[in-house]
Each structure stands twice: as structure tokens, then as C-alpha cells.
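Overview (structure and organization)
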Amino acid sequence: MLRFKFLASAVPLLAAAVFARAEIGSVSHPCIALGDTSVELTSLFWTAGVHVAFTDDPARATVRVQITDDADAADFAVVDDGLGSEPDSCQASPSTRLVSIAAQPVDGGQVVYLSSEGPADYRIFVRSKTFSPREAAALVVGARGSHGRFQAASL
């Protein structure tokens, strides 16, 4: 009977470990590569070094990101529907910068106003099966912290 109780108490712990491993090891998070580093979205809030929140009030924003329909007018374009994808461009490494999307602004974190018009710090073009405009904006703002304006990035 004691063995059964031990097994019954160990099963939830094993299930939690499998769930945590699947979440941490998942490579399906949106990611961009910038030179030797990569910037990746994570759903694990406590592991992120950068927290980005979104607002509907432009007065509360620290960064304005405009969604544009013209790739030539964009500072950053995400197009991953074609044949030229780069599957190895976002390998996890010690220099990977993790970014989370927070529900509320975090102390010192960026607050993004995402719109299709008006003045903007960044203009993004997004045509993707895996990235939403909001995720692309979070990656661009998360990348900006250590790189300033970036010259080139890849998926």
C-alpha cells in the first residue's frame, strides 16, 4: 500500500516535469537572429531579460511601432511564407535574449503603442504564418535594448 501511495504522489511531479521540459525546450517561439545573438519570445516570464507591454494609449507608450503595408517603407520586415527560410538562424545560445509580452508594464520595461498610422519609432511589415504583428513588434523592441538600430536580422 505504501508503494501505491508513493507512486500516486510521484505521478503529478513527473507530469509537471514533462510539461516544464516541453515548455522550456520548445523551439516554436518567434525568434529573430541579429548577428551573433538571437532575440526570442518566451512565455516563461521569469526567464525573460526584457519585458514588453502594449497599450492603446499613445501617451503611455515609450515606443511607437507602426504596421505598414509596404515592405520597402518598413524598418523591419517579417516574411516567412517563402522557400528561403533559415531554420538554423535562431539557435539557442548563452547570448540569446529572451523577451516576454507582459500584461501590464514592468518597471523599466518598454510600453509599445502598435498602430497602422501616425509617427513611429519603428515601422514593421509582417506577412507571416508564425508571427503576429504584435509578436514582431515585441521582438523589434526587445532587440533594440542592446543593439540600438539594427542593420540586418533573419528568421
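Here, the structure is the one placed above.
Since the structure is predicted, the reported quantities are computational estimates derived from the model, not experimental observations.

Here is what the cut-offs are and how they apply
Residues numbered from 1 in each chain as written. Predicted model: local features only at pLDDT ≥ 70, side-chain atom pairs only at ≥ 80, totals over all residues. Heavy atoms only, no water. Core = buried A, V, L, I, M, F, W, Y, C linked by side-chain atoms within 4.5 Å. Buried < 20%, exposed > 50% of the residue type's maximum accessible area, 1.4 Å probe, protein only. Helix = DSSP H or I, 4+ residues; strand = E, 2+ residues; numbered from the N terminus. Contact = heavy atoms within 4.5 Å. Pairing = 2+ DSSP bridges. Axes fitted to C-alpha atoms, helices over the stretch in contact; angles between N-to-C directions.

Turning to the nonpolar core, a few remarks are in order. Residues I32, V39, V52, V65, I124 and F131 are the most contacted members of the largest nonpolar core, which totals 24 residues. Listing elements by their share of this core, those giving two or more residues are strand 1 (31-34), strand 2 (37-41), strand 3 (50-55), strand 4 (63-67), strand 5 (76-79), strand 8 (122-127) and helix 2 (133-147). Top element by residues in this core is helix 2. It accounts for seven residues. Sequence-distant contacts of V65, that is, excluding residues within four places in its chain, are made with V112, Y113, L114, S115, A120, Y122, I124, A137 and V141.

Moving on, we come to the sheet that holds strand 3. One open sheet accounts for eight strands, arranged 1-2-6-3-7-4-8-5; its pairing is mixed. The open sheet is flanked by strand 1 and strand 5, the only strands paired with a single partner. Neighbour to neighbour, the strand axes of the sheet diverge by 25° on average, direction disregarded. Relative to strand 7 (residues 110-115), strand 4 runs parallel, the two being bridged by four bridges. What sits directly across from V63, in strand 7, is V112.

These figures come from the coordinates and say nothing about function on their own.
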